[in-house]
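Listed below are the residues making up each chain.
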Amino acid sequence: MLPRKRQGEGEAVIEGGSESVIKKLRVCDSTDGKNTQEKKSSGTNLGVGNSNSNSSGDCREPTITEMAFDDGKPRDIDEDLHSRQLAVYGRETMRRLFASNVLVSGMQGLGVEIAKNLILAGVKSVTLHDEGKVELWDMSSNFIFSENDLGKNRALASVQKLQELNNAVTVSTLTTKLTKEQLSDFQAVVFTDINLETGIEFNEYCHNHQPPIAFIKTEVRGLFGSAFCDFGPEFTVFDVDGEEPHTGIIASISNDNPALVGCVDDERLEFQDGDLVVFTEVRGMTELNDGKPRKIKNARPYSFYLEEDTTNFGTYDRGGIVTQVKQPKVLNFKPLKEALTDPGDFLLSDFSKFDRPPLLHLAFQALDKFVTELGRFPVAGSEEDAEKLISITSNLNESLGDGKLTDINPKLIRHFAFGAKAVLNPMAAMFGGIVGQEVVKACSGKFHPLFQFFYFDSVESLPTEPVDPSDFKPLNSRYDAQISVFGSKLQKKLEEAKVFLIGSGALGCEFIKNLALMGVSCGKQGKLTVTDDDVIEKSNLSRQFLFRDWNIGQPKSTVAATAASSINPLLHIEALQNRVGAETENVFDDTFWENLNVVVNALDNVSARLYVDQRCLYFQKPLLESGTLGAKCNTQMVIPHLTENYGASRDPPEKQAPMCTVHSFPHNIDHCLTWARSEFEGLLEKTPAEVNAYLSSPGDYTSAMRNAGDAQARDNLERVIECLDRERCESFQDCITWARLKFEDYFSNRVKQLTFTFPEDAATSTGAPFWSAPKRFPRALQFSTADPSYLHFVMASSILRAETFGIPIPDWVKNPKKFAEAVDNVIVPDFQPREGVKIVTDEKATSLATSSVDDAAVINELIMKLEQCRKSLPPNFLMKPIQFEKDDDTNYHMDVIAALANMRARNYSIPEVDKLKAKFIAGRIIPAIATSTAMATGLVCLELYKVFDGAHKVEDYRNTFANLALPLFSMAEPVPPKVIKHQNLSWTVWDRWIIKNNPTLKELIQWLTDKGLNAYSISFGSCLLFNSMFPRHRDRMGKKVVDLVRDVAKVELPPYRNHFDVVVACEDDEDNDVDIPLISIYFR
């Protein structure tokens, strides 16, 4: 049979053949194909992949856009797909990944999680190795397998579904015993299920290979996990933390040894002692501008000392930027055999378990010895097997001599023995994220590797009550592995759970997969409700692994629910497309919330999190919260009456640049991009929308402007008149003229006016130089069609201007020569700066529009002029406002914003950025990768076991902050809620007092009096129902409180509500205010 090629894919599949052969490129230090040698690897089966090369042989002339953003680097990355990942890794790291071939051995739950994360990341190829067959036991942790796969080879059963995740990655299989020589085909190899003897043999080969092959050995055994990394004798880390280099704006430099450098107090410096820095743009002491890295010491928030003698340097005048120089770091890894006996420092995850890693280091070696001797894992619930493992651990410990542990914790080893055969999904998800990130580090040199051992356990997740050994016995179900750890009673609770998952994006997809594999909501009474009002976009596909390219445009929750049902057909899942908020309380009503067992947030914004937090507080439901930011992730457990709620502590708000800085005095690219996005929205969205508001209802609009009578109304009218009169476009040449004149206005005329009003030698009222740091003195730009970036700004702007006026765009627009001729035809008026022009310099100002006494008269005049403009318009004329969309690279939105920002940056000598970096900043893109998402959800699901058990104490729960880039894991018990006490009563934020039987006002007050509380004010929302100071309120005593809500507050309670809440202000008998809980009055 002839080979066939799937559309858009590069590797051929030989149908009916038993073997396929692919070529893998061995990439050393470069990714451009130089210094490569071809190697061959064969497998039993081969998925379909697509290389990242583009060999179309297209010899056409570059477009204006291509010329404008040409930085000499190849465009070989699908930025629409990988934009969020690019925000974390950058292009160079992505290119290294694209050239990397990885082996993942062992396709149980952990192996498939690692493979999934690597395929989503976009490595060149992933080879799946497994000699074993799919068992029912595997289905507790492997989301790929179905019951139809039972008895098939694990690798073969996995390849097709994993290939669907990313067709640009070649996914292949190996199903026979590995030889160490085969490892030379790969840049990194991961083993999830091999014994120590084989591991040592393979590791020695990888360690001594030239160049070294990154070796990772990892395993999860019940609630215990381990990982070991060896990236070779000398491994260079190019970027240890992935953070942008820190910078500061210089205010002063002394002529001393050492020199004291002071910086403006605009932002705190993030430098540390020993950092290397370089200086640029320093005026006066120009010797520092030589690009030489210099070491600093005594770093403080706004100053540091420079280890340099500047006594004979020029005297500092002004200006200057100091930038951290990130240094590569070389790590010397030890091979596994050596590291076992001399492990060095272990990476800690939980400081309450600082003595745990050395014990687990022994326990995993003891388990390997147990399996080698008996040919099997310990049986869950078998005391005999547990005692044997304890004995082996004890013997190993005794052999350590002076280095032996004082206590081997037999109880912990017993738990380890009972769950040793099981691969639990949450553990696989967590370690899949950690190990997947380590492979990325090995292939790219980005981020600091795990050096070298990491051990983790979550024994706190076990049921609080002892489990009868018979409860661990397998039931011939897909949950048998999980039952062998937790017992069948907890499994039943999981299956009957009613869970609300809010969000089905990156976190949501992982949660849905985890819950399905754990059996949550899979019983007859169980139900998983998932809601998300968003639809699938291409940029989602690099992380949200339940979606495929053919799902683009479909609702996320519906597609995710369908995918979840294929993972576990027993899952009872309902998918909704409702946003969770006050406006949907008729959907998510009281009955809905009251019936829930737990709420899991998978949200991407704080306001929604706060709303859900308040709902969970109100209905006293556990809330499991998590979030990610690039390689960082955090989890927070919100447990009724045990922990504080999510809203109890908040991050400080982000610092906003003053408006005058953004509009007239930018000093970094963020300021330029903030201004650019503001101008884009003003010109292309807000003004056309304002025009339409007027044209749709002229009378109402002009009346509203007259009634407002302020500077804002005047400004709105001026913008509408300008758009419909002086700047109205009727042809595409008019749009070109508009765009060309905008360039002149923005980047020449305004700068000339600014520097005329504030010359370079201008001084403030105190005599200090006006243009002192952080202000940067600007220079006007001189337009030329020979500059592709200038031409690109005019082209992109004219296209969008034409779109707002409904003007067709001619084909010749993208031809540089023809478009340049059209631009040259534009007549640009001369500009002369004017005296007396007011430019806002007050950092506290919130508006550029200034009020004047004659606003009302000017508004009347403008309205008359506007009426004249309307008469000249075609019938039924309306504009087409453009709403900013960052993720469509064909719509020219980011072209305009990037061009606006870069031209402005050029005015102020600020380094420019490419379109992708502009998209990150202006589009407020949150960096995201699959690995940190997987880890976060794994950690949350380990806490979920505790929630369903229902008897854990606050010290058993864990909140986590992790940064996979460092790597850093910080786990701690949650903070308990604040307790308020009164007499013999006590309550927290979790308490809500309930009074039933539809009480009268008098009965409510008496109910509180019985608690030693004197109510003096009762309100419903913003309406006062009772206040003891008002004598007429005494007449309300005999009325039902619900009637007061209807009659006084004028609120009709909806039929789905059977209670309402009142806020009561109380005093004790000594007239001290007492802050009491919300009171819920049940009237039905």
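Right above here is the structure, for reference.
Residues numbered from 1 in each chain as written. Predicted model: local features only at pLDDT ≥ 70, side-chain atom pairs only at ≥ 80, totals over all residues. Heavy atoms only, no water.

Peer 1: So what about the overall build of the chain? Which residues, and what values?
Peer 2: Across its full length, the chain carries 30 helices and 33 strands. In summary, the chain has a C-alpha radius of gyration of 33 Å against a globular reference of 31 Å for 1084 residues, a match within 12%. With the C-alpha coordinates of the chain rotated into their principal frame, the extents come out at 95 × 90 × 75 Å. By the burial criterion, 55% of the 1084 residues in the chain qualify as buried. Looking at the chain alone, contacts between residues at least 24 apart form 73% of all its contacts between residues at least 6 apart. A total of about 47,800 Å² of accessible surface is found on the chain, and carbon and sulfur atoms cover 49% of it. Between the mean site of the 119 positive side-chain charges and the mean site of the 151 negative ones, the chain shows a separation of 2 Å. (Helix = DSSP H or I, 4+ residues; strand = E, 2+ residues; numbered from the N terminus. Rg over C-alpha atoms; globule rule 2.2 N^0.38 Å. Buried < 20%, exposed > 50% of the residue type's maximum accessible area, 1.4 Å probe, protein only. Contact = heavy atoms within 4.5 Å. Areas by Shrake-Rupley, 256 points an atom, 1.4 Å probe, with all protein chains shown as cover. Lys, Arg positive; Asp, Glu negative; His and termini not counted. Charge placed at Lys NZ, Arg CZ, Asp CG, Glu CD.)

Peer 1: Outline helix α22 (residues 732–757), listing residues and values.
Peer 2: Note: α-helices contain 3.6 residues per turn, so residues at a spacing of three or four share the same orientation. An ideal rise of 1.5 Å per residue puts 38 Å on 26 residues; α22 measures up with 36 Å between its terminal C-alpha atoms. Of all the bends in α22, the greatest measures close to 40° and is centred on D745. (Expected span 1.5 Å × (residues − 1). Bend = angle between axes of the 7 residues up to and from the residue.)

Peer 1: Account for the pairing of strand β24 (residues 959–963), with residues named and values stated.
Peer 2: The side chains of a regular strand alternate, residue by residue, between the two faces of the sheet. Of all five residues in β24, four are buried, a share of seventy percent or more. Inspection of the sheet shows strand β23 (residues 632–638) paired to β24 by four bridges, in the antiparallel sense. The partner of K632 across the bridge, within β24, is N963. Pairing analysis gives five bridges linking β24 to strand β25 (residues 968–972), with the strands arranged antiparallel. In the strand pairing of β25, N959 is matched with A972. If you look at the hairpin formed by β24 and β25, you'll find four residues sitting between the two strands. (Pairing = 2+ DSSP bridges.)

Peer 1: Could you give an account of a nonpolar patch on the surface, with specific residues and numbers?
Peer 2: A contiguous nonpolar patch, built from F961, L966 and L968 and spanning about 230 Å² of accessible area, is present on the exposed surface. Along the chain, the position of L966 falls in the loop between β24 and β25. (Patch = residues over 30% accessible without salt bridge, like charges linked within 9 Å, V, L, I, M, F, W, Y side chains within 5 Å. Salt bridge = Lys/Arg side-chain N within 4 Å of Asp/Glu carboxyl O.)

Peer 1: Any chance you could break down the sheet that holds strand β22 (residues 623–629) for me, citing the residues and the numbers?
Peer 2: Ordered by their spatial adjacency, eight strands build an open sheet running β20-β19-β18-β21-β22-β23-β24-β25, and the pairing between neighbours is mixed. If you trace the sheet from one side to the other, it starts and ends with β20 (573–576) and β25, each paired once. Taking the axes of each pair of neighbouring strands and ignoring which way they run, one obtains an average angle of 10° across the sheet. Contacts between helix α17 (residues 606–619) and the sheet are confined to β18 (498–502), β21 (598–601), β22 and β23, with β22 contributing the most and set at about 165° to the helix. (Axes fitted to C-alpha atoms, helices over the stretch in contact; angles between N-to-C directions.)

Peer 1: Can you break down the pairing of strand β33 (residues 1079–1082) residue by residue, with the values?
Peer 2: The two faces of β33 match: I1079 and I1081 on one face and S1080 and Y1082 on the other face are all buried. As paired elements, strand β28 (residues 993–995) and β33 share three bridges and run parallel to each other. Counted as the bridge partner of I994 is S1080 from β33. Of the pairings in the sheet, the one linking strand β31 (residues 1059–1067) to β33 comprises four bridges and is antiparallel in character. Among the inter-strand pairings, V1062 is bridged to a residue of β33, identified as I1079.

Peer 1: Tell me about the environment of D787, and please be specific about residues and values.
Peer 2: Inspection of the secondary structure assignment puts D787 in the loop between α22 and α23 (788–805). Separated by 89 residues in the primary sequence, D787 and P698 place their C-alpha atoms 44 Å from one another. At 3.0 Å, the side chain of D787 forms a polar contact with the side chain of R906. (Polar contact = N/O pair within 3.5 Å; in protein donor to acceptor, adjacent residues only side chain to side chain.)

Peer 1: Mind laying out the environment of L1078, listing which residues take part and the relevant values?
Peer 2: In this fold, L1078 is placed in the loop between β32 (1073–1074) and β33. Here the alpha-carbon distance between L1078 and Y618, two residues 460 residues apart in the chain, equals 8.9 Å. Excluding residues that lie within four positions of it along the chain, L1078 makes contacts with Y618, R992, W993, D1061, V1062 and V1063.

Peer 1: Kindly report on the packing of helix α13 (residues 488–495) against helix α28 (residues 930–949), identifying the contributing residues and their values.
Peer 2: The contact between α13 and α28 brings their axes to 10 Å, and the two run at 95°. Between α13 and α28, the crossing angle belongs to the class labelled roughly perpendicular. Between α13 and α28, the residues in contact are L490, K493 and L494 and Y945, F948 and D949, respectively. (Parallel < 35°, antiparallel > 145°, perpendicular 65-115°, else oblique.)

Peer 1: Tell me what's going on with the sheet that holds strand β14 (residues 303–306), and back it up with residues and numbers.
Peer 2: Taken in spatial order, the six strands line up as β10-β11-β14-β13-β12-β15 and close into a barrel, and their pairing is antiparallel. Ignoring strand direction, the axes of neighbouring strands in this sheet form an average angle of 50°. Pairing analysis gives four bridges linking strand β11 (residues 259–263) to β14, with the strands arranged antiparallel. Looking at β14, one finds that G262 is bridged to S303.

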